[in-house]
Structure formats: C-alpha cells, structure tokens
Amino acid sequence: MLRLGHRDFADDDLLVMAIVNRTPDSFYDKGATWDDQPAFDRVRQVVEQGAEIVDIGGVKAAPGDVVDVAEEIRRTVGFVSAVREEHPDVVISVDTWRSEVGREVCAAGADLLNDAWGGHDPALAEVAAEYGVALVCTHTGGVTPRTRPHRVAYDDVVQDVVTTTVNLAERAVQLGVDRRSVLLDPAHDFGKNTWQSLEVTRRLDELTGTGWPVLVSLSNKDFVGETLDLPVGERLTGTLAATAVCAWHGARVYRVHQVVETRQVLDMVATIRGWRQPARTVRGLA
Amino acid sequence: MLVSAAVCPHPPLLLPGLTGSADVGAPLRATCLQAVEEALAPGPERVVLVGGADSTRTWDSTASVDGPAYGGPGSSAPAGPRLPLSLSVGRTLLDASSWSGDVVLQSVAVDAPPEECGRLGAALVQGAPTTLLVMGDGSARRGLKAPGYLDERAFPFDDRAVQALSCADVETLSALDPGAAADLLVAGRAPWQVLAGALGRRPAAGRLLLADDPFGVLYLVVTWRTSGCAR
C-alpha cells in the first residue's frame, strides 16, 4: 500500500502527478499558471482528467531569478489552501527543497513533499515526519539546487541512484516518516547528462527492485529533447515512450504535464503487463 | 427419452473473464441460463451436452473448460484433455445452473452428414428421461463487421433455422444443408440436427428466448419441451 497523506493507494495503482507551476518562468509552460485563475483552472482540468496528485511548485528548477523562502511561501501556501478546500480528495504535493516552505504547506493541507533536490535541506524529512505526510527521496548527484549538471561523472549512475535514494528513504523512516509514504525518484536530467538519464531509464528495474515505490519525472525533459533532437514543445511522443519503459519496469508515480496521454500509456502498459483488465474485449470472441 | 432441450450459442465471450472489465457476455449468459433452467424444470434423470467440434466423440467428465486457449488474465493451459469450445461453454453454463447430476459430454463433427447427426441424437436419448443442452450458433457472416464479413445468404438461412428451432420443426432442421452452413460459418447445423434426431417423430413445443446478432454472429436461445407420448 502507498499512503500519500490522506489517501491510500493499492500496490498495483499507477498514479499520475500533474505539474502545476506557480512560477513565471518554468521551462515547459513558461508562466502559464503563474496567475491564480489559470492555476485554479489547471488544477480543475487535471483532476477531471484523472490525475490523482497535483504537484505545486513555486521555484523553477533551472537557474534564474532568486526566489527566497518568503517569496516561495507567498507563491505556494495560499494556493495549497485553496486547492485543498476545492478538491478534498486530490493528493497535494509541493515541489520544494526548503523545510521552512514544507512546514507552511503541510499546515495548509499538503499530503506530499516532493524534495526534488535530494535532501539538500535535511530538515525537510523531519517536517514530513512531523506532519505525517509522504516524501519523495530524489537523486541529484549531490548538486546544489537550481544548478545544471556540469561534467557529472559516476562509476555507475544506477548504483549511485539506488544507494543514494534508498539511504534517504531509510533516513526518512528513522526520522518517523511512515514507511508506506516514501517514494524514490531517480530524477532524470538532475545531476545527469542525457546518457546517464537514458541508462537510468533502461535499468529502472534496479530501482523498482529495491521494493520502494518509484516516482519518475520525465515530462518533456532535455534527455528526451537531446535524444530526438527536438525542442521543448515537441517532446510528448518521446516522453510517452520513456513513460512506457518506466511503467514496464514498475514505476508507480508519473510527474507529467500531459495527463490524458500519460494515463492512456499507463493503462496500456499495465494491461500488457497483466496488472489491469482491458476495458472491453470482443474481437475474435463473438 | 428426450423430455426437454435448451439450445444456446457458444461464443468464447460467454466464458468467464474474457471480455475485460466489461462483462460483455453477461446478458446473453443470463438468457442462456434461463433456458437451461427451463429445460431442467421437468426433472430429467440425466443431461446430455452436445456441441460441434472437429470430431464426433464423447468426452470424459474430467476434461477441462478451455478458456485459456482464448487468452484472458492469468491463463495457462490446464493439464489433461480440454473440451472443445462448444462443450466448454455448455459445461460452464451447466456448472452455473442448478443441475448437479450426471452429464454426458458429446461432440459432433461440424461436417457430419445430417443422417449421421440424426442417428446420434436418437442414440443419445435412449432410455432414461433426458435433457439435451445443444450448443450452436447461426451464421457468422451477418454484417460488414462480422467475423466472416457479409454474406446476404446468411439471413434466409438463419431465418429458416430460427423458425425451425422455435417450432421444433424436425423436418426443416434435418434438411439444413451442410455445405451452405459451412459456407456461412454456421456452427450450429450439426448439433441442431442431433437435436432433431433426438426428438424424432414425437411432438414438442418450442420457445424462442432470443435471436440476436450484436457482433455479426447469430446467437439464438431456444427451449423445447416434449409431450408425453409418441405420435
């Protein structure tokens, strides 16, 4: 069982986490949900499309204008409260590396802290334990938040991902986070060049094989773009191909921009794997 | 002695678990079960299940229902003999019915000549009061999206069969042409003619419960009940 704050999910559920950026400058949507109204509309839309989780972020991952704690709180906390009120069932995740922000969003109703910078602030896991929320333990190769990978090298990138994320997970459990509420994220593109992200994808079964539930964040990322030589707006097909491979390897949560397309891919892979029934089969059986 | 009969179709979609989340076969299965219960109502001493297959033979009661041959979740072929499709569906229906007594499992070759089918039918109901469960479909060529594509000859052929089965018209059933039936992908011709032979010259009342072709194959569900004495 996977427990994400106030919601429990079965071990064979594949979950879609829809990205809702409260930023003016994120790479894919470029501020589309910076204003309140489009952000609320986006949440309504993805919930209607079947996303179980919304992932609210107040700071773009890439380098750019400084966003301090106060500004990040200003961007996220009120929004979390409003989403909690309007959508009592949806799992609210907040993408932050800062424990001060984590504390505020948990008080506002968040279910999940998406620590996308891999335990950079060790106190964030303590906040998750204190508030009884779930935690994503991410591999970044130890880089500083909001930096790009520069000549990052590993003896074995997958082994580094496994060791780092499992250690973060065990530490979180020791701090009091429910063992059923910890996810591992290999973090494609974070502290990785494209070759390394591709290898993580190819060998994702080594991470799912640890038994911890795995979250993947693949959506429209540079490793897809460099692989296919395509700009940001043209990476959906590549993203979905990577999604299918990760689903085959047993990843459980998918952080995405496109909910409908992702859900179809996940349903298809889950059905091929035999985890899900086809909707309606008559061909050849009449 | 034949006391009653039920005639049911045998698409794989009547087997459990083959149509995914939507149980597409549920309404048809319910109608078939209704027919089986109607046929069992007179209280037969035994049931003979008849269906088309590659050859004419009896099957051991331990032979398995062969759902795995059609895929489906977690399916792997069972060990030992496996029933042909028609008897697999019939066995599933009987298992879901109130019948708990003996069942004779009898396949008839789909290309068996009508006279041979008739003789088999007469032999199957010798002795104790017997209910026949006869598995057979009409043409699978009843539309552009039908498994066998459209053949306009399917409609008059099927109409004749439906009429004959509904009225327990042994002569018309026995006269159904094997060649035309094969051309039109009619799975029921030989088993229906077994039923005709089982009734012989005695009267029976037929009742049509369903005749429909939602997927381009004619499914028909009929019951017969015989009168007490020979003509």
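Use the structure listed above.
The present account deals with the structure reproduced in this document. Only a predicted model underlies this, so the values are computations on that prediction, with no experimental measurement involved.

### What to know about the overall build of chain B
When helices and strands are tallied, chain B shows seven helices and seven strands. Moving toward the C terminus, one meets the helices and strands of chain B in the order β-α-β-β-α-β-α-β-α-α-α-α-β-β. Since a compact globule built from 231 residues should have a radius of gyration of about 17 Å, the 16 Å found for chain B is in line with a globular shape. Seen along its three principal axes, the alpha-carbon backbone of chain B occupies a region of about 50 × 40 × 30 Å. Buried residues in chain B amount to 50% of all 231 residues.

### Topic: the overall build of chain A
In terms of helices and strands, chain A carries ten helices and ten strands. Computed over the C-alpha atoms, the radius of gyration of chain A is 18 Å, within 12% of the 19 Å expected from 2.2 N^0.38 for a compact globule of 286 residues. In terms of its C-alpha atoms, chain A occupies a principal-axis envelope of roughly 60 × 45 × 40 Å. With 286 residues in all, chain A has 47% of them scored as buried. Residue pairs in contact within chain A that sit at least 24 positions apart in sequence constitute 66% of those at least 6 positions apart.

### Thoughts on the interface of chain B and chain A
Taken together, the 16 residues of chain B in the interface contact nine residues of chain A. A breakdown of the residues in the side of chain B that touches chain A according to their chemical character gives eleven nonpolar, five polar and no charged.

### Focus on the sheet that holds strand E8 (residues 182–185) of chain A
Strand pairs in the sheet, formed through backbone hydrogen bonds, run parallel or antiparallel to each other. Residue and element names in this part refer to chain A. With parallel pairing, the eight strands of this open sheet are ordered in space as E8-E7-E6-E5-E4-E3-E10-E9. Among the strands making up the open sheet, the edge pair consists of E8 and strand E9 (215–217). Pairs of neighbouring strands in the sheet enclose a mean axial angle of 25°, with direction left out of account. Relative to strand E4 (residues 53–57), strand E3 (residues 15–21) runs parallel, the two sharing five bridges. From the neighbouring strand, Val 20 faces E4, where its bridge partner is Ile 56. Contacts from helix H4 (residues 123–131) reach strand E6 (112–115) and strand E7 (134–138), with the element oriented near 170° to E6.

### Description of the pairing of strand E1 (residues 2–8) of chain B
All names here are of chain B. Here E1 lies mainly inside the structure; seven of its seven residues are buried. Note: E1 against strand E5 (residues 130–135), six bridges, orientation parallel. Across the sheet, the residue bridging to Ala 6 is Leu 133, located in E5. Alignment of E1 against strand E7 (residues 219–226), held across four bridges, turns out to be antiparallel. Its bridge partner being in E7, Val 7 is matched across the sheet by Val 222.

### Topic: the environment of Thr 76 of chain A
All names here are of chain A. Along the chain, the position of Thr 76 falls in helix H2 (residues 69–86). Taking C-alpha positions, Thr 76 is 9.6 Å from Ala 108, a pair spaced 32 residues apart along the chain. In this structure, Thr 76 is in contact with Arg 22, Ile 56, Gly 58, Val 94, Val 101 and Val 105, ignoring residues within four places of it in sequence.

Cut-offs used in this document
- Residues numbered from 1 in each chain as written.
- Chains lettered and ligands numbered in written order.
- Predicted model: local features only at pLDDT ≥ 70, side-chain atom pairs only at ≥ 80, totals over all residues.
- Helix = DSSP H or I, 4+ residues; strand = E, 2+ residues; numbered from the N terminus.
- Rg over C-alpha atoms; globule rule 2.2 N^0.38 Å.
- Buried ≥ 20, exposed ≤ 12 C-beta atoms within 10 Å, placed from the backbone.
- Contact = placed C-beta atoms within 7 Å.
- Nonpolar A, V, L, I, M, F, W, Y, C, P; charged D, E, K, R; others polar.
- Pairing = 2+ DSSP bridges.
- Axes fitted to C-alpha atoms, helices over the stretch in contact; angles between N-to-C directions.

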